[in-house]
Amino acid sequence: LINKEFAAARTILDEMELHEDSWPFLLPVDTKQFPTYKKVIKKPMDLSTIRSKLEGGSYKTKDDFSVDVRLIFDNCETFNEDESPVGRAGHNMRAYFDSQWADLN
Ligand SMILES: Cc1ncccc1N[C@H]1CCCS(=O)(=O)C1
């Protein structure tokens, strides 16, 4: 991840964490509260995990970062009804990310 890309990815992550609809995605889904989640969702992802990976240098390119962000919203669609609070939040957050991401490319 080159320096400018890193700064741009960090800014988008900052903004997503501040979004009012980010609450379902801030931390890993609690599999004690949702026991079927581990079975159904093969690759869990959340904003705190992305933050650790970004700050820890795990992303080689900005697109590697975007793959993990989109995984959050794909997992959300797999597990949640569109017309549920979490499902709706996922659609809103994906639209928000896509628009921020488009400005960068
Ligand atoms: C993103 C997601 N997918 C499936 C189930 C749950 C969640 N998120 C939870 C996060 C903690 C608060 S909550 O328990 O209401 C919702």
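Below is a summary of the structure that appears in this document. (Residues numbered from 1 in each chain as written. Predicted model: local features only at pLDDT ≥ 70, side-chain atom pairs only at ≥ 80, totals over all residues. Heavy atoms only, no water.)

Re the environment of K42
Test applied: Secondary structure elements are defined from DSSP: runs of H or I of at least 4 residues count as helices, runs of E of at least 2 residues count as strands, and each element is numbered from the N terminus.
Mapped onto the fold, K42 is located in the loop between helix 2 (37-40) and helix 3 (47-55). With 33 residues separating them along the chain, K42 and N75 place their C-alpha atoms 8.8 Å apart.

A word on the site of the ligand
As a reminder, the rule being used: Only a single heavy atom is needed: when it lies within 4 Å of a molecule or strand, its residue is near that molecule or strand. Pairs of N or O atoms within 3.5 Å make up the polar contacts considered here, provided that, within protein, one atom can donate a hydrogen while the other can accept it, and that residues adjacent in sequence are counted only when both atoms are side-chain atoms. The method behind every accessible area is Shrake-Rupley, applied with a 1.4 Å probe, and residues are considered shielded solely by the protein chains displayed. Here the term charged refers only to Asp, Glu, Lys and Arg, the term nonpolar to Ala, Val, Leu, Ile, Met, Phe, Trp, Tyr, Cys and Pro, and the term polar to all other amino acids, Gly among them.
W23, P24, F25, V29, Q33, F34, Y37, F79, N80 and V86 make up every residue found near the ligand. At a separation of 3.2 Å, a nitrogen atom of the ligand approaches a polar backbone atom of P24. Residue N80 places a side-chain N or O atom 3.3 Å away from a nitrogen atom belonging to the ligand. Coverage of the ligand by the protein amounts to 76% of the 400 Å² it exposes when considered alone. Split into classes, the residues belonging to the shell around the ligand amount to eight nonpolar, two polar and no charged.

Quick word on helix 4 (residues 62-79)
The condition is simple: Given the number of residues in a helix, its expected span is that number minus one, multiplied by 1.5 Å. A simple rule labels every residue: compare its accessible area, found with a 1.4 Å probe on the protein chains alone, to the largest value its type can have, and call it buried under 20%, exposed over 50%, or partly exposed in between. Note on contacts: a residue pair qualifies if any of its non-hydrogen atoms lie within 4.5 Å across the two residues.
The end-to-end C-alpha distance of helix 4 is 27 Å, a good match for the 26 Å that 18 residues give at a rise of 1.5 Å each. Taken together, the buried positions of helix 4 are occupied by K62, F65, S66, D68, V69, L71, I72, F73, N75 and C76. Lining the buried residues of helix 4 we find helix 1 (3-18), helix 2, helix 3 and helix 5 (85-104).

Here we look at the pattern of salt bridges
The line we're drawing: Within this document, salt bridges are pairs made up of a side-chain nitrogen of Lys or Arg and a carboxyl oxygen of Asp or Glu, the two lying within 4 Å of each other.
Tallied over the entire structure, the rule returns 11 salt bridges. For the salt bridge of K62 with D63, the shortest nitrogen-to-oxygen distance reads 3.8 Å. According to the relative accessible area criterion, K62 is buried, its value standing at 12%. Across the pair E77 and R94 runs a salt bridge, and its minimum N-O distance is 3.1 Å. Of this pair, E77 sits in helix 4 while R94 sits in helix 5; the two residues are 17 residues apart in sequence, bridging distant segments of the chain.

Points about helix 3
Stated precisely, the cut-off is as follows: Directions drawn from the helix axis to the C-beta atoms are what define this arc.
Turning to helix 3, its buried residues number three or more, namely L47, I50, R51 and L54. Angular distribution of buried residues about the axis of helix 3 spans 105°; they occupy a single face of the element. On its buried side, helix 3 packs onto helix 1 and helix 4. Trailing helix 3 by a residue or two, G57 shows a phi angle of about 75°, which is positive.

A few points about a nonpolar patch on the surface
Using the following cut-off: Patch membership needs two things, relative accessible area over 30% and no salt bridge, and members are linked within 9 Å if like-charged or within 5 Å if nonpolar (Val, Leu, Ile, Met, Phe, Trp, Tyr).
A contiguous nonpolar patch, built from W23, L26 and L27 and spanning about 330 Å² of accessible area, is present on the exposed surface. As for its position among the elements, L27 is in the loop between helix 1 and helix 2. Owing to a relative accessible area of 59%, L27 belongs among the exposed residues under this scheme.

Brief notes about the packing of aromatic side chains
Our working definition: Pairing of aromatic rings covers Phe, Tyr and Trp, the last through its six-membered ring, and needs centres within 6.5 Å; plane angles under 30 degrees mean stacked, over 60 mean edge-to-face, and all others mean tilted.
Inspection of the entire model under this criterion finds six aromatic pairs. Relative to F73, the ring of F25 has its centre 5.7 Å away and its plane inclined at 85°; by these criteria the two rings are edge-to-face. Here the residue F25 occupies a position in the loop between helix 1 and helix 2, and F73 occupies one in helix 4, the gap between them amounting to 48 residues. What makes F25 buried here is its relative accessible area of 6%. Residue class for F73 comes out buried when judged on its relative accessible area of 2%. Aromatic side chains F65 and W101 sit 6.1 Å apart centroid to centroid with 35° between the ring planes, which places their arrangement in the tilted category.

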